[in-house]
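Geometric and topological summary
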Amino acid sequence: MDFSLPNPARQTTDRSSLSTRCMILYGVIAVFVRLIPFGVRPPNFAANGALGLFGGAKAPLYVIVPVQLLAWAISDYALYWLYGWKPFHVAVGVSFIIYAFLGRAFLRGQNSIARMTVITCLGSLQFFLITNFASWIRLSPFGSGPVLYEANLSGLLTCYAQGLIFLLFTLAGDFGCTAMMFG
């Protein structure tokens with residue numbers, strides 16, 4: 001029989017190790033969710049945002065950032081291989097990393113459903129704003145296609161208005177996957 005006192009350092013290490021294993025599992029899930037074909041999965045419905053929020057809240061940044069970038073890179077390369085989609089849109093990658101920093105700054109040690117709801121909305125909103133702005137300034141992931149929006153305020157507003165449906169899909173993916181990961 002062991003009568004020694006619990007070691008808080010060991011408990012912290014055990015929790016950190018579990019969080020790291022969860023991060024890797026959720027990274028694999030994020031890859032597979034992005035590979036589900038459209039028609040089965042709405043566009044922009046993905047687990048990558050939730051992966052960043054969870055990882056930022058539960059794992060060290062030196063774990064979440066590489067896992068987040070690796071999940072994004074693997075799924076982008078697979079989408080290129082499967083469908084010919086141009087991979088590695090910088091605005092998407094930056095947005096995924098911002099999710100991790102949001103989780104780190106606002107969800108670390110906080111289990112409030114209200115807080116998670118607000119930060120999940122904030123994550124989805126920053127993704128929407130950054131990626132649509134990049135599309136407006138012609139940093140399109142689809143290469144040198146047609147000019148979609150005028151280079152003025154009206155064009156920017158049109159870009160955001162036409163992207164609103166994608167914001168709804170992003171919110172659905174972020175909320176569903178965040179609930180699964182934190183639950």
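Residues numbered from 1 in each chain as written. Predicted model: local features only at pLDDT ≥ 70, side-chain atom pairs only at ≥ 80, totals over all residues. Heavy atoms only, no water.

Points about the overall build of the protein
Counting its secondary structure elements, the protein contains seven helices and zero strands. Counting helices and strands in the order they occur from the N terminus, the protein gives α-α-α-α-α-α-α. Out of the 183 residues in the protein, the part that is buried amounts to 39%. Across the protein, the fraction of contacts at a sequence separation of at least 24, relative to all contacts at a separation of at least 6, is 72%. As displayed, the protein has an accessible area near 10400 Å², and 71% of this comes from carbon and sulfur atoms. (Helix = DSSP H or I, 4+ residues; strand = E, 2+ residues; numbered from the N terminus. Buried < 20%, exposed > 50% of the residue type's maximum accessible area, 1.4 Å probe, protein only. Contact = heavy atoms within 4.5 Å. Areas by Shrake-Rupley, 256 points an atom, 1.4 Å probe, with all protein chains shown as cover.)

A closer look at the nonpolar core
The biggest cluster of nonpolar side chains holds 29 residues, and the ones touching the most others in it are M23, L51, L53, L107, M181 and F182. Of all the elements in the fold, those that place two or more residues in this core are α1 (8-35), α2 (48-58), α3 (61-83), α4 (90-107), α5 (113-136) and α7 (164-182). A per-element tally of this core places α4 first, with six residues. F182 has contacts with L53, F54, A57, K58, L107 and M116, leaving out every residue within four places of it along the chain. Among the nonpolar cores identified, the runner-up in size contains seven residues, and F128, L156, C159 and Y160 belong to it. (Core = buried A, V, L, I, M, F, W, Y, C linked by side-chain atoms within 4.5 Å.)

A word on the confidence of the model for the protein
Confidence in the prediction for the protein averages 89 pLDDT; 87% of positions are at 70 or higher. When mean pLDDT is compared element by element in the protein, α7 scores highest at 97, while α1 scores lowest at 82. (pLDDT = per-residue confidence, 0-100.)

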